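Breakdown of the fold
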Amino acid sequence: WAPVGGEDSRPDFAVGPGKVIELDRRHLHLSDLTLGMVGLGQIGSEIARRGLAFGMRVVAVDPLAGEAPAGVTALWRPDQLRELLGQSDFVVIAAPHTPETVKMFRRAQFQAMRSTAYLINIGRGVIVDLADLVDALRTGEIAGAGLDVFETEPLPADHPLWGMENVILTPHIAGYSPRIPERHLAVLLDNVGRFSRGEPLRNVVNKALWF
């Protein structure tokens, strides 16, 4: 073991019950926190469901969702994004690339977030202005970020995000799983059957909305 706070400090296991130590403060307790979902489609709803399972308070913005799923505290329209940003400890982007979402997150949005909050983007890279994100991280406007998508992919080797200790980067792989191909095939086969029977298809794209 190593004493917390220097060689003269008592070891963390010797302080007794009921005492909050530095090691405690270095961890976040999810049930104390708020998850803000930007996009509450199929992916966003699944993330919200998992947040609720950990006891998190969940709020969301979505342009189309009719009503909040069970357990979601608030569901707002995109023009109320600032409400979500000011309340959330984790802001998770699960929105599609549309004309309305391009650079949806710029300096003003980061400044509206809590300084202790984290941004997670598994939606589309164009939603977050990376130059503004870098500035927000450098100045401490937000605590950190987890990014699976970027404005430019792959992220250039000399980009400053690579050197930031409070940033986690993954190469656009959040949607990969051994279960994904079988699910894609199942939807395809189901839609072939629906088409042959003259029934409505699943997951039809609305080109006017871009998704």
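To be clear, the structure that these remarks concern was listed above.
I will try to describe carefully the structure that is included in this document. What you are looking at is a predicted structure, and each value in this text was computed from that prediction instead of being measured.

1. So, helix H5 (residues 130-138)
- Listing the buried residues of H5 in full gives Leu-130, Asp-132, Leu-133, Val-134, Ala-136 and Leu-137.
- With a side-chain oxygen lying 3.1 Å from the backbone nitrogen of Ala-131, the N-terminal cap of H5 falls on Asp-129.

2. A word on the sheet that holds strand E5 (residues 118-121)
- Spatial strand order, E3-E2-E1-E4-E5-E6-E7: seven strands in an open sheet with parallel pairing. Looking at strand neighbours, the two that pair on one side only are strand E3 (74-76) and strand E7 (167-169), the edges of this open sheet. Taken over all neighbouring pairs, the strand axes of this sheet differ in orientation by 15 degrees on average, direction set aside.
- In terms of strand pairing, strand E1 (residues 34-38) meets strand E4 (residues 90-93) through four bridges, oriented parallel. Residue pairing across strands places Leu-35 opposite Phe-90, the latter belonging to E4.
- Relative to E1, helix H2 (residues 42-53) is tilted by about 175 degrees, and along the sheet it contacts E1, strand E2 (57-61) and E4.

3. Structural notes on the pattern of salt bridges
- For the structure on display, the rule yields 15 salt bridges.
- Where Arg-26 meets Glu-22, a salt bridge forms, and the shortest distance between an N and an O atom there is 3.4 Å.
- Residue classification places Arg-26 among the exposed positions, given a relative accessible area of 63%.
- Across the pair Arg-202 and Asp-190 runs a salt bridge whose closest N-O atoms are separated by 3.0 Å. Within this pair, whereas Arg-202 is found in the segment after helix H6 (180-197), its partner Asp-190 is found in helix H6, the two being separated by twelve residues in sequence.
- One continuous salt-bridge network, built from bridges that share partners, spans Lys-103, Arg-106, Asp-129, Asp-132 and Glu-151.

4. Quick word on the packing of aromatic side chains
- Within this structure, the stated rule accounts for two aromatic pairs.
- Aromatic pair Phe-90 and Tyr-118: ring centres 5.5 Å apart, planes at 20 degrees, arrangement stacked. Of this pair, Phe-90 sits in strand E4 while Tyr-118 sits in strand E5, placing them 28 residues apart in sequence.
- Ring centres of Phe-105 and Phe-110 lie 6.2 Å apart, and the angle between their planes is 45 degrees; on these two criteria the pair is classed as tilted.

5. Quick look at the pairing of E1
- Among the five residues in E1, five count as buried, and that is most of the element.
- Alternating residues of E1 divide into Thr-34, Gly-36 and Val-38 and Leu-35 and Met-37, and every residue in both groups is buried.
- Relative to E2, E1 runs parallel, the two sharing five bridges. When the bridges of E2 are listed, Thr-34 appears paired with Arg-57.

6. Things to note about the side chain of Asp-129
- Within the element layout of this structure, Asp-129 appears in the loop between E5 and H5.
- A distance of 2.9 Å separates a polar atom in the side chain of Asp-129 from the backbone nitrogen of Asp-132.
- Asp-129 has contacts with Lys-103, Phe-105, Arg-106, Phe-110 and Glu-151, leaving out every residue within four places of it along the chain.

Cut-offs and rules
- Residues numbered from 1 in each chain as written.
- Predicted model: local features only at pLDDT ≥ 70, side-chain atom pairs only at ≥ 80, totals over all residues.
- Heavy atoms only, no water.
- Buried < 20%, exposed > 50% of the residue type's maximum accessible area, 1.4 Å probe, protein only.
- Helix = DSSP H or I, 4+ residues; strand = E, 2+ residues; numbered from the N terminus.
- Polar contact = N/O pair within 3.5 Å; in protein donor to acceptor, adjacent residues only side chain to side chain.
- Pairing = 2+ DSSP bridges.
- Axes fitted to C-alpha atoms, helices over the stretch in contact; angles between N-to-C directions.
- Contact = heavy atoms within 4.5 Å.
- Salt bridge = Lys/Arg side-chain N within 4 Å of Asp/Glu carboxyl O.
- Phe/Tyr/Trp six-rings, centres within 6.5 Å; stacked < 30°, edge-to-face > 60°.

The quantities given are spatial measurements derived from coordinates; they are silent on function.
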